[in-house]
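# Working through the structure, step by step
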Amino acid sequence: MMNKKPKTAKFKVRYSILITIMLLACSSAAAQDFVPFVIPARPNPDSLIAYPSSQPIKTDSNHLVANRGHFYRGENRVRLWGVNLSFGANLPKHEDAPYIAARLAAAGVNAVRCHHMDTARFPRGLWNAKDGKTIDPEALDRLDFFIDQLARRGICVNINLHVGRVHSQFLHLPKTNRQYDKIFNIFTPALVDAQKQYARELLTHVNRYRKLRYADDPAVAIVEITNENSFFMWGNEQTLRTLPPYYADILQGKFNAWLQKRYGSDRKLRKAWSEGAEELGKNMLVNGNFQTSEPATSVPKNWHLEQHSGCTASLSRTRFKDKDALRIDIGKADDTEWHLQLNQGDLAIKAGKYYTVIFDAAADKSRKIGCGVGQGHSPWNNLGLSRQVTLKNEWQSFRYGFVAKANDDNARISFSFGGSNIPICLANVQLRPGGRVGAEFGESIKAGTVVVFADSESPARKLDRMRFMAETEKAYFDGMRNFIKNDLGCKALVTGTIVFGPLGLYAQSDMDFIDAHAYWQHPRFPGRPWDSSNWLIDQKPMTDYPAQATLFRLAAERLAGKPFTVSEYNHPAPLDSQAECVPMIASFAAAQDWDGLWLYTYSHSSDGWYREKLNSYFDIDTNPAKWGFMRAGTAIFRDAGIVPLNNLIHITLVDSSDILTSLAKLHLKHDRNMLAAIGRSPEEARQAMPSAKLDWSVEDGKGFYAARGQCTSVYTGYAKRFEKATDGKILIVGPDFVAVTITALDKEGLDRSEKILITACGRCENTGMNFSEDRRTVGRNWGGPPVLIEAVEGTLVLNGNWTCQALGPDGMPKRRVAVPSEEMQSHITLSPQYETMWYLLTRRTKRD
């Protein structure tokens, strides 16, 4: 357990036993049929699978609290099962809001996360459209009304404070070099004050329909301080090393004050930082000055020029500003930096050993290049150094140190220079073992001149920086929570941001609960970020890759004694395997006994509620491969259709009187990988699951995932795996990859239930969707309505006598399915002819 003065930190990972269900299948013809399945935006109030009406959250209802490691309202345990609403989707018009709330409630949603409300101007966000400086009254009225409509149906809200607001712009501060002021607003006083002012304006606002401040409303269950924001987040070092002077001075001032408090004098600081310092060893590179070239080519000996995707460059020896150099002229470049590279391989490096890269570089005009040390072979992993370098029209000397992440006999140093046609010059390239230094000459805490990042640092110096950043970050989050809870009197639970490794978890340790995010195959953008015409999603089902899966990493990010949530999760469209998303996360989270899940995202739009096609990678409101499984997910997770695993494992992450130092050492070793930090690999975590109840295996590259509980069964994987994986009890004929859930809708065990929903789906795509040959992208060719599902064909057998109805997208009977019965077993046929993903089973009575 981690608290303000902990001695140990313990983390939860659960593995245990679920309850199986007997199913039987028989064969039929293969099915590869796409059929329309448009789930209506306005729910049918008579839907046979709608979740029973929940108690409204009244103004005098109990507030959600964190107790005994979970969420409660009064004496009742609560699991939050929800969706994100992004940008304008938080601000529907009054005529739309009741239907949106009703649709969410009918699927069993009991929480929404109000995300990106602070990013844009009305109607896409809360800020007024004129100048963006104040909250728009109409936007606030829409939010008031929507919260009231949600609360009437038992749905609470999670209000995100800072997501996308660039406060620096409106405060007329220097521009930050990170989107949305992230990292900067953790340590810059003016930006922290701006966040507090926004929190005050929003949380002390009185909802005109509920007559309560947001801060007092039981329907406002959670307040999140800032989204995905930490000193330890992705790309943190590059951001922190290149802070604009105004912000660099602030952070350096804080660092020197921290060092002054810790050491008291320059003499003590120098002595402490000298521990672990190393002299530079011999240069490991051959021809680092590019003096000799291969015969009949201009490529320097021992170096290799890589040119990808039609990009071209030429090399020549030159003299630039009084220095001999290698000149690289770019013939053609695209937006991807690594498409042009100069590298030298066959380098042997040892894990844990320190190395220093030194080089001189210049350019005809200001531009950036990349410098890294990584594997010279597949899978081309980084081995400890990856830097963006800004070149000028003058020589600069660069020196970067790193600790090798792994042993490798074929490592390489690489300079990448795509993304620009501006020529560059390189000289004096070196890769040397050693080179760690403590305090540089002229650095003094008394004078405030100790920089936060030096070029090559001793272990003691690096450790101090990590401790400083962790304490600074924790002080920010604790201070914001104190302001929200005490100064504003807010009764909601407060969380800070998601977990970013051991030190990120330390910074969150006094929040009311711990949160995390994960995406399987998040879209990649080879050129410009979020370029809608240039993106890729690899067609990899997570079912096939348990060692790379998101789930075990998430399980390792829990903190003992705290509720745990995942507030963003998705397997984005148009993955062929996206139907696995809801069944896998809901069943795994239920088995791990997590406390909240939010799919990302229901919608981004304030007025696109009546679409009938897939809208984007993430929107699930019109995606039956996600939304079609939400009712099943409610039974699985919210209603605990899969019971929590019964062998709770507490892992002591550190056992030390100096927990922060121990965590900093772990973070330096494992970065953000909490699974590695607790000493587990994904494969070890998978093998710890009891295969009879949670089964995840791969044979010949084809995966199969099964989770079986008393009230539900979940299956994702390849049709040909079902028969063997279930001992012949289930056989799916087609399509090739499917997700199938079998859930009791009355919260009874499957053997006692009177009402069972079977949900089954293969692929999901729009009509006329235009995929690339490798199906990794559709660019902007998303097609049109109606959205289609790949209907599943197969047969299963359930104990008992049942009637079966194929349901339409509105949850109403579409066709009756004949159910042969013998010896108290019913044979249920799934077929594309029924044009559905929903089959409702009702137990026969004697009169039937």
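Quick look at the structure, then.

Calculation notes
Residues numbered from 1 in each chain as written. Predicted model: local features only at pLDDT ≥ 70, side-chain atom pairs only at ≥ 80, totals over all residues. Heavy atoms only, no water. Core = buried A, V, L, I, M, F, W, Y, C linked by side-chain atoms within 4.5 Å. Buried < 20%, exposed > 50% of the residue type's maximum accessible area, 1.4 Å probe, protein only. Helix = DSSP H or I, 4+ residues; strand = E, 2+ residues; numbered from the N terminus. 1 Å grid on protein atoms, 1.4 Å probe; cavity = no way out; pocket = protein on both sides within 12 Å on 5 of 7 lines; lining within 4 Å. Points joined across faces, edges and corners; volume = space filled by probe spheres on them. Nonpolar A, V, L, I, M, F, W, Y, C, P; charged D, E, K, R; others polar. Contact = heavy atoms within 4.5 Å. Axes fitted to C-alpha atoms, helices over the stretch in contact; angles between N-to-C directions. Parallel < 35°, antiparallel > 145°, perpendicular 65-115°, else oblique. Phe/Tyr/Trp six-rings, centres within 6.5 Å; stacked < 30°, edge-to-face > 60°. Disulfide = S-S within 2.5 Å. Pairing = 2+ DSSP bridges.

Turning our attention to the nonpolar core. Ranked by internal contacts, the top residues of the largest apolar core, which has 188 residues, are Leu104, Val112, Leu126, Trp594 and Trp627. By residue number, the principal contributor to this core is helix 9 (residues 459-487), which donates 11 residues. Leu285, Ile349, Leu383 and Ile413 belong to the second largest nonpolar core, which has 40 residues in total.

A probe as big as a water molecule, rolled over the atoms, marks out the empty space that is left. What the rule picks out here adds up to five cavities of 30 Å³ or more. Reported here for the largest cavity is a volume of approximately 220 Å³. Lining the largest cavity are 16 residues, and of these Ile39, Ser47, Ala106, Trp627 and Trp838 lie nearest its centre. When the residues that make up the lining of the largest cavity are grouped by side-chain class, the tally is 10 nonpolar, three polar and three charged.

Here we take up the side chain of Ser606. With respect to the helices and strands, the residue Ser606 is situated in the loop between strand 25 (596-603) and helix 13 (624-627). Once residues within four sequence positions are removed from consideration, Ser606 is found in contact with Gly88, Ala89, Leu91, Pro92, Pro123 and Arg142.

Turning our attention to the packing of helix 7 (residues 245-263) against helix 9. At their nearest, the axes of helix 7 and helix 9 sit 11 Å apart, and the two run at 110° to each other. What the angle tells us is that helix 7 and helix 9 run roughly perpendicular. Seen from helix 7, the contacting residues are Leu251, Lys254, Phe255, Trp258, Leu259, Arg262 and Tyr263; seen from helix 9, they are Asp464, Arg465, Arg467, Phe468 and Glu471. Residues that form the contact of helix 7 with helix 9 fall into these classes: six nonpolar, no polar and six charged.

Time to look at the packing of aromatic side chains. Taken as a whole and assessed by the stated rule, the structure comprises 45 aromatic pairs. Here Tyr834 and Tyr839 contribute two aromatic rings whose centre-to-centre distance is 6.1 Å and whose plane-to-plane angle is 85°, an arrangement assigned as edge-to-face. As far as burial versus exposure is concerned, Tyr834 and Tyr839 are alike and both buried. Through a chain of ring-to-ring contacts, the aromatic side chains of Tyr519, Phe525, Trp530, Trp535, Tyr600, Tyr617, Phe618 and Trp782 assemble into a single cluster.

Next up on the list: the state of the cysteines. Enumeration according to the criterion identifies zero disulfides in this entry. Not engaged in a disulfide, the cysteine Cys114 finds its nearest cysteine sulfur in Cys156; these two sulfurs lie 9.8 Å apart. Overall, Cys114 belongs to the buried group, its relative accessible area being 2%. Here Cys490 stays free of any disulfide, with the sulfur of Cys156 as its closest cysteine sulfur at 13 Å.

Before going further, it helps to spend a moment on unusual backbone geometry. Here the residue pair Tyr600 and Thr601 is connected by a cis peptide bond, since its omega of -5° sits within 30 degrees of zero. Look at the link from Pro785 to Pro786: it is a cis peptide, with omega at -5°. One can find Pro786 in strand 34 (residues 784-790). The phi torsion at Arg68 lies on the positive side, around 55°, for a residue other than glycine. When you line up the elements, Arg68 lands in the loop between strand 3 (64-67) and strand 4 (70-73). Even without being glycine, Tyr180 reaches a positive phi, approximately 65°. Note on placement: Tyr180 falls in the loop between helix 3 (167-170) and helix 4 (184-187).

Reported here for the second largest pocket is a volume of approximately 570 Å³. When residues of the lining of the second largest pocket are assigned to their parent elements, the largest contribution, three residues, is made by strand 5 (residues 76-78). When its residues are assigned to classes, the lining of the second largest pocket shows eight nonpolar, eight polar and seven charged.

Moving on, we get to the pairing of strand 27 (residues 694-699). As judged from the six bridges shared by strand 27 and strand 28 (residues 702-708), these two strands associate in the antiparallel manner. What sits directly across from Leu694, in strand 28, is Ala707. Following strand 27, the chain reverses through two residues before pairing antiparallel with strand 28; Asp700 in that reversal takes a positive phi of roughly 55°.

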